[in-house]
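# Architecture and fold: a report
Residues per chain are reported as follows:
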Amino acid sequence: MTPSQLVSNAQCIAIKVGSSLLTGDRTAWMGSLAADIAALRAEGKTVLLVSSGAVALGRQRLGLRGSPRLAAKQAAAATGQPLLMAAWNAAFAAHGLTAAQLLLTIGDTEARRRWLNARATIETLLGLGVVPVVNENDSVATEELRYGDNDRLSARVAQLAGADVLVLLSDVDGFYERDPVADPSAALIDRLEAIGTDELAAAGGAGTAVGTGGMRTKLEAARIAQGFGCATLIASGVHDHPLARLRADGARATLVPARGSPASAYKQWIAGTLAPLGQLGIDRGAADALGRGSSLLPSGVRSIEGEFVPGDCVRILCDGRELGRGLARYGAREASVIAGLRATDIAGRLGYSRGDELIHRDDLVLT
Ligand code: GLU
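Each chain carries its own residue numbering, running from 1 in the written order of its sequence. Local features are withheld for residues below a pLDDT of 70 in this predicted model, meaning they are given only at 70 or higher, and side-chain atom pairs are given and counted only at 80 or more; totals for whole chains, interfaces and linings count all residues. Hydrogens and water are ignored here; the side-chain numbers use all heavy atoms of the structure.

## A few points about helix H7 (residues 150–161)
Definition in use: Strands are runs of DSSP state E lasting at least 2 residues, helices are runs of H or I lasting at least 4, and numbering of each runs from the N terminus. The span expected for a helix works out to 1.5 Å for each residue beyond the first. The rule is simple: take the accessible area with a 1.4 Å probe, protein chains only, and divide by the maximum for that residue type; under 20% is buried, over 50% is exposed, in between is partly exposed. Any N or O atom pair separated by 3.5 Å or less is treated as a polar contact, with the protein-specific requirement of one donor-capable and one acceptor-capable atom, and with residues adjacent in sequence counted only for side-chain atom pairs.
Taking 1.5 Å as the rise per residue, H7 with twelve residues should run 16 Å; its terminal C-alpha atoms sit 16 Å apart, in good agreement. Taking burial as the measure, the twelve residues of H7 include eleven buried ones, the bulk of the element. Its side-chain oxygen placed 3.0 Å from the backbone nitrogen of aspartate 151, aspartate 149 serves as the N-cap of H7.

Shown next, in the form of structure tokens:
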């Protein structure tokens, strides 16, 4: 699948804008991204924005050099965040869209109850047609208790929203086999199937002087997204209309597809979920297949209960007995449409497919 097809097929897109794209006068550029987002909205897609830039803008306004002191960073964030939002509000308003500010601290996505709370807010905003503009609440985050970079934050936000595509826009146009600054002959990798230690090592450390993230945090974000069935595009946002460019033929980007192979700690985390958000009743044939190590396909699902989005943990039951738990690749509404269908019929019925499995075996634990 090309970046263009991926964006066209997506229902919900999370877009992360790096600090390097928001320094200097970026009014026209922000307007062009707002126009691209308005176009996606007009196609019926929901869009969230994760915008960095508060610290950089605040430093500029206060005339602070890049002080590493946390208090200075927090003061810069407190000053820059309203400037950032004012700029986004104006950009979206010009296209008839309303923006909403959401400032998260790490506990909002890592503690389940707060996760659900944040998710409800995002769902409500998206339902109201508003574009959530998310950032870390830098002015109160402490050094030990923060995301620290908006790449991984954006992956968690994409997960909160049940996004199917995460677009990481920055001043680099993708992941290169080697550092392209040190070696201009290094080739861009179009598609990165899995992210392991080699890729993370090749990504090196932090990126530009203004942003916190580098390629490494982008790959980490993509790996998180992969784990909940969301594809990631690492692409350049340097020029105007970055999303429209991504949808043009021959667009360059690195695509990390939605599939993953989670480690066992991940499975333990699934098994330990305190509040599964739904349950799937399956037939005996499907139960036998799970016992042999297969994934749960929609064809074996007889009933669906609860409210869940892709990536949420659900119980799997057969004859009223819990067989296991897993992270659903499809949300409750989608699952009720595809329950009982053969895998080959999913795309025909939904208009897209997140894969053949309702719960992939990598995301499934038998209890
Ligand atoms: N949250 C920071 C800001 O708004 C940016 C973090 C990052 O660069 O990833 O300035």
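That covers the picture; the talk isn't over yet.
## Concerning the sheet that holds strand E7 (residues 254–256)
Which entries qualify depends on this criterion: Any two strands between which DSSP finds at least two bridges are classified as paired. Fitted lines through C-alpha atoms give the axes, limited to the stretch in contact for helices. The angle between two N-to-C directions lies from 0 to 180 degrees.
Pairing in this open sheet of seven strands is mixed, and the strands run E3-E4-E2-E1-E5-E6-E7 from one edge to the other. The sheet terminates laterally at strand E3 (99–104) and E7, the two strands that pair on one side only. For this sheet, the mean inter-axis angle between neighbouring strands, taken without regard to orientation, is 20 degrees.

## Considerations on the sheet that holds strand E9 (residues 301–306)
Worth spelling out the cut-off: We call two residues in contact whenever any of their non-hydrogen atoms come within 4.5 Å of each other.
With mixed pairing, five strands are arranged side by side in an open sheet as E9-E8-E10-E11-E12. Every interior strand has two partners, whereas the edge strands, E9 and strand E12 (364–366), have only one. Ignoring which end each strand starts from, the neighbouring axes of this sheet average 25 degrees apart. Seen against the sheet, helix H12 (residues 284–291) touches strand E8 (278–282), strand E10 (313–318), strand E11 (321–327) and E12 and runs at an angle of roughly 105 degrees to E8.

## With respect to unusual backbone geometry
In this structure, histidine 241 takes a positive phi of about 50 degrees despite not being glycine. With relative accessibility at 34%, the residue histidine 241 sits in the partly exposed group. For aspartate 319, which is not glycine, the phi dihedral falls at a positive 50 degrees. Relative to the helices and strands, aspartate 319 is located in the loop between E10 and E11.

## Describing the packing of H7 against helix H9 (residues 215–227)
Two quantities define a packed helix pair, namely the angle between the helix axes and the distance between the axes. Rules: Throughout this description, any angle smaller than 35 degrees is read as roughly parallel, any larger than 145 degrees as roughly antiparallel, any in the 65 to 115 degree range as roughly perpendicular, and the remainder as oblique. Whether a crossing is left-handed or right-handed is set by the direction in which the near helix is turned from the far one by less than a right angle, anticlockwise for left-handed and clockwise for right-handed. Side-chain classes follow a simple rule in which Ala, Val, Leu, Ile, Met, Phe, Trp, Tyr, Cys and Pro form the nonpolar group, Asp, Glu, Lys and Arg form the charged group, and the remainder, Gly included, forms the polar group.
At a minimum axis separation of 7 Å, H7 and H9 run at an interaxial angle of 15 degrees. It follows that H7 is roughly parallel to H9 by the angle criterion. The crossing of H7 and H9 is right-handed. In this structure, H7 contributes Asp151, Arg152, Ala155, Arg156 and Gln159 to the contact, and H9 contributes Thr217, Lys218, Glu220, Ala221, Ile224 and Ala225. Tallied by class, the residues present in the contact of H7 with H9 amount to four nonpolar, two polar and five charged.

## Points about the state of the cysteines
For the record, the criterion: Throughout, a disulfide means two cysteine sulfur atoms within 2.5 Å of one another.
Evaluation of the coordinates by the stated rule reveals zero disulfides. Among the cysteines around cysteine 313, which has no disulfide bond, cysteine 318 carries the closest sulfur, lying 18 Å off.

## Concerning the pairing of E8
Counting buried residues in E8 gives four out of five residues, a clear majority hidden from the surface. Of the pairings in the sheet, the one linking E8 to E9 comprises five bridges and is antiparallel in character. Paired with isoleucine 282 across the bridge in E9 is valine 301. By the bridge criterion, four bridges tie E8 to E10 in an arrangement that is parallel. In the sheet register, glutamine 279 faces E10, and the bridge partner there is arginine 315.

## Observations concerning the confidence of the model for the protein chain
Here is the rule we go by: The predictor attaches a confidence to each residue, and that confidence, scored 0 to 100, is pLDDT.
Averaged over every residue, the pLDDT of the protein chain is 89; the share at 70 or more is 92%. Helix H11 (residues 264–271) is the least confidently modelled element of the protein chain, averaging 57 in pLDDT, while strand E2 (residues 46–51) averages 98, the highest of any element. Across residues 260–265, confidence stays below pLDDT 50; counting only partners more than four residues off in sequence or on other chains, it has five contacts.

## Comments concerning the environment of serine 154
In this fold, serine 154 is placed in helix H7. Between the C-alpha atoms of serine 154 and isoleucine 346, which are 192 residues apart in sequence, the distance is 28 Å. With residues near it in sequence (within four places) discarded, serine 154 still touches Lys16, Val50, Leu166 and Leu168.

## Notes on the packing of helix H3 (residues 54–62) against helix H4 (residues 70–93)
Interhelical geometry of H3 versus H4 gives an angle of 100 degrees and a closest axis separation of 6 Å. Here H3 is positioned roughly perpendicular relative to H4, judged by the angle of their axes. Facing H3, whose interface residues are Ala54, Val55, Leu57, Gly58, Arg59, Arg61 and Leu62, H4 presents Lys73, Ala75, Ala76, Ala77, Thr79, Gly80, Gln81, Leu83 and Leu84. Grouping the constituent residues of the contact of H3 with H4 by class yields nine nonpolar, four polar and three charged.

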